[in-house]
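# Structural description and commentary
The primary structure of each chain is shown beneath.
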Amino acid sequence: MDIQLYQGGASHAEGVSDVVKLSSNENPFGPSDAVKEAVRKSVHELHRYPSIDHLSLRRAIAQVHKLDADRIICGVGSDEIISFLCNAYAGPGDEVIHTEHGFAMYRISTLAAGATPVEVPERERTVDVDAILDACCFRTKLVFIANPANPTGTMIGGNEVARLADGLPPQTLLVLDGAYAEYVDGFDGGASLVDSRDNVIMTRTFSKLYGLGGLRIGWGYGPAPVIDVLNRVRGPFNLSQTQLVAAEAAIRDRGYAERCRAENARLRTWLAEALAGLGVPSDTSCANFVLARFSDQDEAEACEAYLRSRGLLVRKVAGYKLPNCLRITVGDESACRRVVHAVGEFREVR
């Protein structure tokens, strides 16, 4: 009962029909046509149980990212991989570290496993490796960091991540949450670190760049012994056939993924610069959203209410200890322009 219920992004505004949802970091362009066709075909196999070992999808992931398919595990979103890790490696008397603005599921999954979450401070909304290492002790079993991070959009470099992995106690696993890794051009999400260490595992998702948030598909890549343990707690039919074929079609459609990445980068830069021009700054974002900073919590909440009244739904992040901020998903061009125009109106009225 110490677990606070997860709060998702708003999807409707009372009294407004023309709603633009920019509160859940969804791909505004949705899935590719290849994915839609794969889903349509899957209806003919709904009476069949899906694959237990997810082999075809794991091979597709391995081929695209140049990984070892035997060291990949698939789950119901990357959230389920996080849950597997906490259930398998942490329990009563153990500690799990996350940072002060870290994803809420780290704390939730830790408490569900009976372990103790330990929150460490960030430095200017960025993961602080020294703070994490200072918080480690013989009870520390897992360390979670998102890189790029949510809801800040910031990230740390590969040397810092390697320094963190090398400085952890021998019984501790470093979990690199790469939900937004695909938005960083040329970034492997930590795969090279996983290959060179025995204490690092990374998680990824199909919910963001690939536009499959509604189907809930994720995966993890780690040392063979760790993946073996996680598969022992994974349900045999945790992913449906529709999920499996949709994800495989998505990851093989590289042209569509590249177009989505490029368009996000273009509009993210425009959105951040336009907001800054209105006196609303943000850190350089490496994801598909910007964290807009206001003078105080009252101004942030007033702006959110103003945007909502105009059918523009963004995310309040006071629950992530960022009360003066709003997280704004990078939508399509029309959505981005509507947000900037509305924020400009709000600032004039304010």
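Below or above, wherever it landed, is the structure these notes cover. (Residues numbered from 1 in each chain as written. Predicted model: local features only at pLDDT ≥ 70, side-chain atom pairs only at ≥ 80, totals over all residues. Heavy atoms only, no water.)

## Quick word on the state of the cysteines
Applicable threshold: In this description, a disulfide is simply a cysteine sulfur pair whose atoms lie within 2.5 Å.
Within this structure, the stated rule accounts for 0 disulfides. Its sulfur unpaired, cysteine 336 is 14 Å from the next cysteine sulfur, which belongs to cysteine 260.

## Here's the deal with the packing of helix α3 (residues 77–89) against helix α8 (residues 224–233)
If you want to describe how two helices pack, look at the angle between their axes and the distance between the axes. Our working definition: Orientation is described by axes fitted as lines to C-alpha atoms, over the contacting stretch for helices, and by angles from 0 to 180 degrees between their N-to-C directions. Here a helix means four or more residues in a row that DSSP labels H or I, a strand means two or more in a row labelled E, and each is numbered from the N terminus. Should an angle fall under 35 degrees it is taken as roughly parallel, and over 145 as roughly antiparallel, whereas 65 to 115 is taken as roughly perpendicular and any remaining angle as oblique. Any pair of residues with heavy atoms lying within 4.5 Å of one another is described as a contacting pair. The nonpolar class holds Ala, Val, Leu, Ile, Met, Phe, Trp, Tyr, Cys and Pro. Asp, Glu, Lys and Arg form the charged class, and all remaining residues, Gly among them, are polar.
Put simply, α3 and α8 touch, their axes get as near as 9 Å, and they point 95 degrees apart. Classified by the angle between their axes, α3 and α8 sit roughly perpendicular to one another. In contact with Phe84, Leu85, Ala88 and Tyr89 of α3, α8 contributes Pro225, Val226, Val229, Leu230 and Val233. Among the residues forming the contact of α3 with α8, the class breakdown is 9 nonpolar, no polar and no charged.

## A few points about empty space enclosed by the protein
Defined as follows: In this analysis a 1.4 Å probe is tested at points of a 1 Å grid over the protein atoms alone, and where it fits but cannot get out there is a cavity; an open set with protein on both sides within 12 Å along at least five of seven lines is a pocket; lining residues have an atom within 4 Å of a point. Grid points are joined across faces, edges and corners, and a volume is the space filled by probe spheres set on the points.
In total, this model carries 4 cavities of 30 Å³ or more according to the counting rule given. Volume-wise, the largest cavity comes out at about 80 Å³. As for the largest cavity, its lining consists of Asn27, Pro28, Phe29, Tyr183, Leu209, Cys260, Glu263, Asn264, Leu267, Asn288, Val330 and Gly331.

## A few points about the packing of helix α10 (residues 254–277) against helix α12 (residues 333–349)
Running from N to C, α10 and α12 point in directions that differ by 5 degrees, and their axes come no closer than 10 Å. By the angle between their axes, α10 is roughly parallel relative to α12. Here α10 contributes Arg266, Leu267, Trp270, Leu271, Ala274 and Leu275 to the contact with α12, which in turn contributes Glu333, Cys336, Arg337, Val339, Val340 and Val343. The residue inventory of the contact of α10 with α12, partitioned by class, reads 9 nonpolar, no polar and 3 charged.

## Remarks on the pairing of strand β8 (residues 218–221)
We apply this condition: Residue exposure (1.4 Å probe, protein chains only): buried if accessible area is under 20% of the type maximum, exposed if over 50%, otherwise partly exposed. At least two DSSP bridges between two strands are needed for those strands to be called paired.
Alternating residues of β8 divide into Gly218 and Gly220 and Trp219 and Tyr221, and every residue in both groups is buried. Taken together, the 4 bridges between strand β2 (residues 72–75) and β8 define a ladder with antiparallel strand orientation. Residue pairing across strands places isoleucine 73 opposite glycine 220, the latter belonging to β8. Examined bridge by bridge, strand β7 (residues 200–205) and β8 share 4 bridges and lie antiparallel to one another.

## As for helix α4 (residues 104–112)
Of the residues making up α4, those classed as buried are Met105, Tyr106, Ile108, Ser109 and Thr110. Looking at the buried positions of α4, the neighbouring elements they touch are α3, β3 (95–99), β4 (116–120), β5 (140–146) and β6 (173–177). Downstream of α4 by one or two residues, glycine 114 has phi in the positive range, about 85 degrees.

## Notes on the sheet that holds β4
Pairing within the open sheet is mixed, and its 7 strands lie in the order β2-β8-β7-β6-β5-β3-β4. Where the open sheet ends on each side, the last strands, each with one partner, are β2 and β4. Averaged over all pairs of adjacent strands, the angle between strand axes in this sheet comes to 20 degrees, irrespective of strand direction. Along the sheet, helix α2 (residues 55–65) contacts β2, β7 and β8; its crossing angle with β2, the most-contacted strand, is approximately 120 degrees. In the packing of α4 onto the sheet, contacts are made with β3, β4, β5 and β6, and the angle to β4 comes to roughly 155 degrees.

## Here's the deal with the sheet that holds strand β9 (residues 289–293)
Spatial ordering of the open sheet is given by β9-β12-β11, a layout of 3 strands whose pairing is antiparallel. A single partner strand is all that each edge strand has here, and the edge strands are β9 and β11 (315–316). Judged from the 2 bridges that link them, β11 and strand β12 (residues 325–329) form a sheet pairing that is antiparallel. From the neighbouring strand, arginine 315 faces β12, where its bridge partner is arginine 327. Running over the sheet, α10 touches β9 and β12 and is turned about 10 degrees from β9.

## Notes on the pattern of salt bridges
We count it as follows: By convention in these notes, a salt bridge is any Lys or Arg side-chain nitrogen within 4 Å of a carboxyl oxygen on Asp or Glu.
Across all of its chains, the model carries 25 salt bridges by this definition. For glutamate 119, the salt bridge is made with lysine 321, and the minimal N-O distance between the two is 2.6 Å. Here glutamate 119 is found in strand β4, whereas its partner lysine 321 is found in the loop between β11 and β12, with 202 residues between them in sequence. When its relative accessible area of 46% is taken as the criterion, lysine 321 is described as partly exposed. Among the ionic pairs, aspartate 283 bridges to arginine 293, the shortest N-O distance being 3.2 Å. Linking aspartate 283 in the loop between α10 and β9 with arginine 293 in strand β9, this pair joins segments that are 10 residues apart in sequence. Look at the salt bridges and you will find they share partners, linking Glu124, Arg125, Asp283 and Arg293 into a network.

## Overview of the nonpolar core
The condition that has to hold: What makes a nonpolar core is a set of buried Ala, Val, Leu, Ile, Met, Phe, Trp, Tyr and Cys residues whose side-chain atoms join them at distances within 4.5 Å.
In this structure, Ile145, Leu174, Phe206 and Trp219 are the most contacted members of the largest nonpolar core, which totals 54 residues. Here the element with the most residues in this core is helix α9 (residues 241–252); it accounts for 6 residues. Sequence-distant contacts of tryptophan 219, that is, excluding residues within four places in its chain, are made with Ile61, His65, Leu67, Ile72, Ile73, Cys74, Ile81, Met202, Thr203, Arg204 and Phe206. Judged by nonpolar contacts, the second largest core, of 29 residues, contains Ile73, Val226, Val317 and Leu322.

## Structural notes on unusual backbone geometry
Note that the residue after asparagine 147, namely proline 148, is joined by a cis bond; omega there is 0 degrees. Here proline 148 lies in the loop between β5 and α6 (158–167). In this structure, proline 151 follows asparagine 150 across a cis peptide bond, with omega equal to 15 degrees. Assignment of secondary structure puts proline 151 in the loop between β5 and α6. Positive phi outside glycine occurs at lysine 66, with the angle close to 60 degrees. Looking at lysine 66, the relative accessible area reads 71%, which means it is exposed. The residue glutamate 124 is not glycine, and still its phi comes out positive at about 55 degrees. Inspection of the secondary structure puts glutamate 124 in the loop between β4 and α5 (129–135). Using a relative accessible area of 58% as the deciding quantity, one classes glutamate 124 as exposed.

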